[in-house]
Amino acid sequence: MTAGSNSTSPFPVAPVGLSSRAQRFVEVDGIRVPRQDFRRHRDGWIERGIPVAEIDRAADFQDRWGGLALPPAPFYEGGPRILNAGCPKGSAAEGWSFPAGAGRVSMPYGFMIGPDGAFGIDAHRWTPLHAGTDGWVESLALAAHATRWARTVTRIRGRAVTSLDLEGYEPVPEVQGVTDTWWRGEDSLIALYRGEAVGLDAPQCLEAHVYEGLDEWGLHGG
């Protein structure tokens, strides 16, 4: 079975290219449900002026991620309930985006894949969170891993987040951070969630999660 299979097995196969930590997360904690086959809409979408390249881009996302349900994200009200592509929208001038999956609850924004492939939220303004969907999944896996191994987890909210001292920390590259980033220190990890603050023009929505007391496995496992 391959990542692009239409199998309805509830046991997902992680797409290639993820870290071993994220692969385990997808295959142990994820569930695969029957993915939506929106190719039947292809001709109708083309008649509506949606470029073939954008339909194919959404189809590629669906082949890689469609039907994958992952545990809730620690922010964004848990994130998408199930990853599923939707009808592309946009224009040649603005670029084209498509939905990445419906949220778990009613929210003032939706999860989208942007013109450059970034995973983000379509709020008051388009806000890319990660450079790709792989980065979003890596961030979920890292949050689950850090929660399991940290001695303490501290949440910091609002303007206090801007006073965090990141000297001595380095970015965690696999999360492909754009608006949201992860930082690794000597014995701790810090996740910075800026997406709602930027996308909704709401500084009070800034949030950071500080995972402290991590050993080498907690910091780098996977």
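Residues numbered from 1 in each chain as written. Predicted model: local features only at pLDDT ≥ 70, side-chain atom pairs only at ≥ 80, totals over all residues. Heavy atoms only, no water.

Asks: How do you make sense of the overall build of the protein when you look at a structure like this?
Replies: Along the protein, the regular secondary structure elements total 6 helices and 12 strands. Relative to the globule expectation of 17 Å for 222 residues, the C-alpha radius of gyration of the protein, 18 Å, shows essentially globular dimensions. C-alpha extents for the protein along the principal axes are approximately 55 × 40 × 25 Å. When burial is assessed residue by residue, the protein has 48% of its 222 residues classed as buried. (Helix = DSSP H or I, 4+ residues; strand = E, 2+ residues; numbered from the N terminus. Rg over C-alpha atoms; globule rule 2.2 N^0.38 Å. Buried < 20%, exposed > 50% of the residue type's maximum accessible area, 1.4 Å probe, protein only.)

Asks: How should I be thinking about the packing of helix H1 (residues 20-29) against helix H4 (residues 133-149) in this particular structure?
Replies: Close contact between H1 and H4 brings their axes to 9 Å; oriented N to C, the two are set at 85 degrees. Judged on the interaxial angle alone, H4 and H1 are roughly perpendicular. Facing Arg21, Ala22, Phe25 and Val26 of H1, the residues of H4 in contact are Val137, Glu138, Leu140, Ala141, Leu142, Ala144 and His145. Across the contact of H1 with H4, the residue classes tally to 8 nonpolar, 1 polar and 2 charged. (Axes fitted to C-alpha atoms, helices over the stretch in contact; angles between N-to-C directions. Parallel < 35°, antiparallel > 145°, perpendicular 65-115°, else oblique. Contact = heavy atoms within 4.5 Å. Nonpolar A, V, L, I, M, F, W, Y, C, P; charged D, E, K, R; others polar.)

Asks: Sorry, what's going on with the environment of Gly199 here?
Replies: Here Gly199 lies in helix H5 (residues 195-199). Accessibility expressed as a relative area gives 0% for Gly199, which makes it buried. Taking the C-alpha atoms as reference, Gly199 lies 8.7 Å from Tyr109; in sequence the two are 90 residues apart.

Asks: Which parts of the structure should I look at to understand the sheet that holds strand S10 (residues 181-184)?
Replies: Across a sheet, strands are paired by hydrogen bonds formed along the backbone, either parallel or antiparallel in direction. Spatial strand order, S8-S12-S11-S10-S9: 5 strands in an open sheet with antiparallel pairing. Each having just a single partner strand, strand S8 (152-157) and strand S9 (170-171) make up the two edges of the open sheet. Sheet topology note: the S8/strand S12 (residues 207-212) ladder contains 6 bridges and is antiparallel. Looking at the pairing, Val153 lines up with Tyr211 of S12. (Pairing = 2+ DSSP bridges.)

Asks: Any chance you could explain helix H3 (residues 52-65) here in plain terms?
Replies: Each α-helix winds once per 3.6 residues, and so residues spaced three or four apart point in a common direction. Taking 1.5 Å per residue as the helical rise, H3 with its 14 residues ought to reach 20 Å, and the 20 Å between its terminal C-alpha atoms agrees with that figure. When we look at burial in H3, the residues that qualify are Glu54, Ile55, Ala58, Ala59, Phe61, Gln62 and Trp65. On an axial view of H3, the arc spanned by its buried residues comes to 155 degrees, and they lie on one face. Projecting away from the buried face of H3 at angles above 90 degrees are the exposed residues Ala53 and Asp60. Buried residues along H3 sit in contact with strand S1 (31-32), helix H2 (42-47), strand S2 (68-69), strand S4 (95-101), strand S5 (110-113) and H4. (Expected span 1.5 Å × (residues − 1). Arc of directions from axis to C-beta.)

Asks: Is there a simple way to explain the sheet that holds S4 in this structure?
Replies: Taking strand neighbours across the sheet as the criterion, the 5 strands line up as S3-S4-S5-S6-S7 in an open arrangement whose pairing is antiparallel. Pairing within the sheet leaves two strands with one partner each, and these edge strands are strand S3 (89-91) and strand S7 (126-130). Sheet twist, expressed as the average angle between the axes of neighbouring strands with direction ignored, equals 35 degrees. Of the pairings in the sheet, the one linking S4 to S5 comprises 3 bridges and is antiparallel in character.

Asks: Would you take a moment to explain the packing of aromatic side chains for this structure?
Replies: Aromatic rings considered in pairs are described by the distance between their centres and by the relative angle of their planes. Counted according to the given criterion, the structure contains 11 aromatic pairs. The interplanar angle of 25 degrees and the centroid separation of 5.2 Å between the aromatic rings of Phe75 and Tyr193 together place this pair among those described as stacked. Residue Phe75 is located in the loop between S2 and S3, and its partner Tyr193 is located in strand S11 (residues 188-193); the two are separated by 118 residues in the primary sequence. Clustering of aromatic rings is evident, with ring pairs tying together Phe75, Tyr76, Tyr109, Phe111, Phe119, Trp136 and Tyr193. (Phe/Tyr/Trp six-rings, centres within 6.5 Å; stacked < 30°, edge-to-face > 60°.)

Asks: Sorry, what's going on with the side chain of Glu207 here?
Replies: Looking at the element boundaries, Glu207 is found in strand S12. When neighbours within four sequence positions are excluded, Glu207 is seen to be in contact with Phe75, Arg155, Ile156, Arg157, Val161, Ala191, Leu192 and Tyr193.

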